[in-house]
Amino acid sequence: PASWGTLPRNWSVRHLQGPHRVGGVTNMKVLLITYEFTHAPFSGNGMLSRSLAKSLLSLGASLRVICCRPAPTLAGLAGDNHLAEPEVARPDIELWTIQLQEAAGWKRLDDASAYKDFWAGAGGMGEAVARFAPEAVVAVDWTGAGAWRALRESGVADSKLCYLNFRVYASGMAESRGGWFDTMEAAALEQAQLVLALSPADQKSLAALQRRSSPATATLPPVRVLMPPLRADVAALALASGSGAAAAAASAALPPALAAALALPGARRRFVTCGVRLSSEKEPMRFVAFVEHASAALRALGLTPLLFGAAAEAEYAEEAKTRLRAACEDAVVLSDFIGPPALAAVFAATALNFHPCRYDAYGMSVVEAAAFGAPSVVNGGAKVGAAQLLPADEGASFEARFDGAADEAVSAEVLALLGDQARLASVGSAARERALGWDEAAYGAALHGHLVQLSEGATTDAGDGRTAAAAPPG
């Protein structure tokens, strides 16, 4: 029901029911359209797009992906992270890549991204799409939906569209700026036969936008919830985190600043971590302000601030890093998107993950931290999607009020949490169990169930919007 807010206390993956439980192999042909994929990924969008592709390939789907590739001359690019054997056996996948020019930039998902180049490039791929003849199209965010519109305008025959919304961009923005994104997302909703959101909060926002932007007599496609899975490579490291061999292998891939901080004497869980894209929408300045107010107390507790994330807005990112270092000379700053071994090392040594934004469609770093037993503090009021998997009222995360709260009040609240090691350990343990329980295989089965229904023309809600949290049988 629409009022659903948290997972049942005894929930597990085995509770997936009905159309979401998929057996056997499918040869479904799926076209995935995503601005960011496996070329130099910089955000959770790229990671989640990769996970969903891997999940579908593992079920035997035939996949074609329209995506962007940044200019190789850009500074600070992460390495490519393509899908291949043995990670996926005999993957039937082709990347149809749109090469961006250096001036187009990278590391942005908003109206400063190269979305116009993406759409123009996609519009020229009509013949390839027509030859492939997809049974279902999955478009990620308004950028992906715009690329699909460009393909249709080029003459490609219509196919069933699943609009996979990874963020309601207007959430938390001033109306003067958010209205543009509402227009883009309304256009995406208009094309779709099925809409998947990452959280119940986004589900409600998208359904409301549908109603505002559609004629009163229009038949609206269902908006359902499908929570992202924990990435398999991160899950594997989390499950092996107690093994000496895993630790030795990971240590070779650590950034020097992180390796140096871990080599210092002190508690195993020594970091207060913030891992988000360094952009105004993710609000890492809230974490910086916390450290400015709490640096002396953190030092007394033997804790070190750690900030990591891709610099999406160069000046903003530089200000955040400069202020953090000024507030705490021992702070660890990792200036780019980090890979799984470094991510594992960070979160295995994290006492508390500070997720700073007032709104986040999901917040995958919250779940990744949880996989290593590190609890997170997030904004309350169901405004961070990952809190649906890790609800504070069931002891799987902490909530604070970031909306309108003074920095001093937030700092005092977080310091109180850091002073209670037993509580941190208890919440971290509960969070780890839940994070490891929703994996790529379960996600893929659920997504495949949605796409089968879409291709067969089903319009009923297969699971009342609770894809990751179906009630136990009986």
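As shown above, the structure is provided for reference.
The model shown is predicted, which means the values in this text are computed figures rather than measured ones.

Enquirer: Looking at this structure, how should I read the packing of aromatic side chains?
Expert: Geometrically, a pair of aromatic rings is defined through the distance of the ring centres and the angle of the planes. The full count for this structure, using the stated rule, is 18 aromatic pairs. Ring centres of Tyr115 and Trp180 lie 5.7 Å apart, and the angle between their planes is 65 degrees; on these two criteria the pair is classed as edge-to-face. Placement of Tyr115 in helix H2 (residues 115-123) and of Trp180 in helix H5 (residues 175-191) is noted, with a sequence separation of 65 residues between them. Exposure remark for Tyr115: the relative accessible area of 10% places this residue in the buried category. The interplanar angle of 25 degrees and the centroid separation of 5.4 Å between the aromatic rings of Phe290 and Phe354 together place this pair among those described as stacked.

Enquirer: Hey, could you run me through helix H14 (residues 407-418) in this one?
Expert: Compared with the 16 Å implied by 1.5 Å per residue over 12 residues, the 16 Å span of H14 between its first and last C-alpha is a close match. Along its buried surface, H14 packs onto strand S8 (271-275), helix H10 (285-300), strand S11 (350-354), strand S12 (376-379), strand S13 (398-400) and helix H15 (421-435).

Enquirer: Please clarify how empty space enclosed by the protein should be interpreted in this entry.
Expert: The probe, sized like a water molecule, is rolled over the atoms to show the empty space still left. A complete count under the given rule lists 5 cavities of 30 Å³ or more for this structure. What the largest cavity holds in volume is close to 560 Å³. Lining the largest cavity are 34 residues, with Ser43, Gly44, Asn45, Lys282 and Met364 positioned closest to its centre. Counting residues per element, the ones that place at least two in the lining of the largest cavity are helix H1 (44-58) and helix H13 (364-371).

Enquirer: Would you mind going over helix H6 (residues 200-213) with me for this structure?
Expert: Note that an α-helix has 3.6 residues per turn; residues three or four places apart therefore point the same way. Taking 1.5 Å per residue as the helical rise, H6 with its 14 residues ought to reach 20 Å, and the 20 Å between its terminal C-alpha atoms agrees with that figure. Turning to H6, its buried residues number three or more, namely Pro200, Asp202, Gln203, Leu206, Ala207, Leu209 and Gln210.

Enquirer: Would you take a moment to explain the sheet that holds strand S10 (residues 332-334) for this structure?
Expert: The strands that make up a sheet are held in pairs by hydrogen bonds between backbone atoms, and each pair lies either parallel or antiparallel. One open sheet accounts for 6 strands, arranged S10-S9-S8-S11-S12-S13; its pairing is parallel. Every other strand in the sheet has two partners, leaving S10 and S13 as the edge strands with one partner each. Within the sheet, the average angular offset between the axes of one strand and its neighbour, ignoring direction, is 20 degrees. Of the strand pairs in this sheet, S12 and S13 are connected by 3 bridges, and their pairing is parallel. When the bridges of S13 are listed, Val378 appears paired with Glu399. Strands in contact with H14 are S8, S11, S12 and S13; relative to S11, the strand with the most contacts, it is inclined by about 155 degrees.

Enquirer: What's the story with the sheet that holds strand S1 (residues 29-33) in this structure? I'm lost.
Expert: Spatially, S3-S2-S1-S4-S5-S6-S7 is the arrangement adopted by the 7 strands of the open sheet, whose pairing is parallel. The open sheet has two free edges, formed respectively by strand S3 (93-99) and strand S7 (223-225), since each of these has just one partner strand. Recorded for the sheet is a direction-independent mean angle of 20 degrees between the axes of neighbouring strands. Direction of pairing for S1 relative to strand S4 (residues 136-140): parallel, over a ladder of 4 bridges. In the sheet register, Leu31 faces S4, and the bridge partner there is Val137.

Enquirer: What should I look at first to understand the packing of H10 against H14 in this one?
Expert: Two quantities define a packed helix pair, namely the angle between the helix axes and the distance between the axes. Their axes nearest at 9 Å, the elements H10 and H14 cross at an angle of 45 degrees. Taken together, the axes of H10 and H14 lie oblique to each other. Crossing hand, H10 versus H14: right-handed. Two secondary-structure elements touch here, H10 through Ala289, Phe290, His293, Ala294, Ala297 and Leu298 and H14 through Asp407, Glu408, Ser411, Val414, Leu415 and Leu418. When grouped by side-chain class, the residues that make up the contact of H10 with H14 number 8 nonpolar, 2 polar and 2 charged.

Here is what the cut-offs are and how they apply
Residues numbered from 1 in each chain as written. Predicted model: local features only at pLDDT ≥ 70, side-chain atom pairs only at ≥ 80, totals over all residues. Heavy atoms only, no water. Phe/Tyr/Trp six-rings, centres within 6.5 Å; stacked < 30°, edge-to-face > 60°. Helix = DSSP H or I, 4+ residues; strand = E, 2+ residues; numbered from the N terminus. Buried < 20%, exposed > 50% of the residue type's maximum accessible area, 1.4 Å probe, protein only. Expected span 1.5 Å × (residues − 1). Contact = heavy atoms within 4.5 Å. 1 Å grid on protein atoms, 1.4 Å probe; cavity = no way out; pocket = protein on both sides within 12 Å on 5 of 7 lines; lining within 4 Å. Points joined across faces, edges and corners; volume = space filled by probe spheres on them. Pairing = 2+ DSSP bridges. Axes fitted to C-alpha atoms, helices over the stretch in contact; angles between N-to-C directions. Parallel < 35°, antiparallel > 145°, perpendicular 65-115°, else oblique. Left-handed = near helix turned anticlockwise from the far one by under 90°. Nonpolar A, V, L, I, M, F, W, Y, C, P; charged D, E, K, R; others polar.

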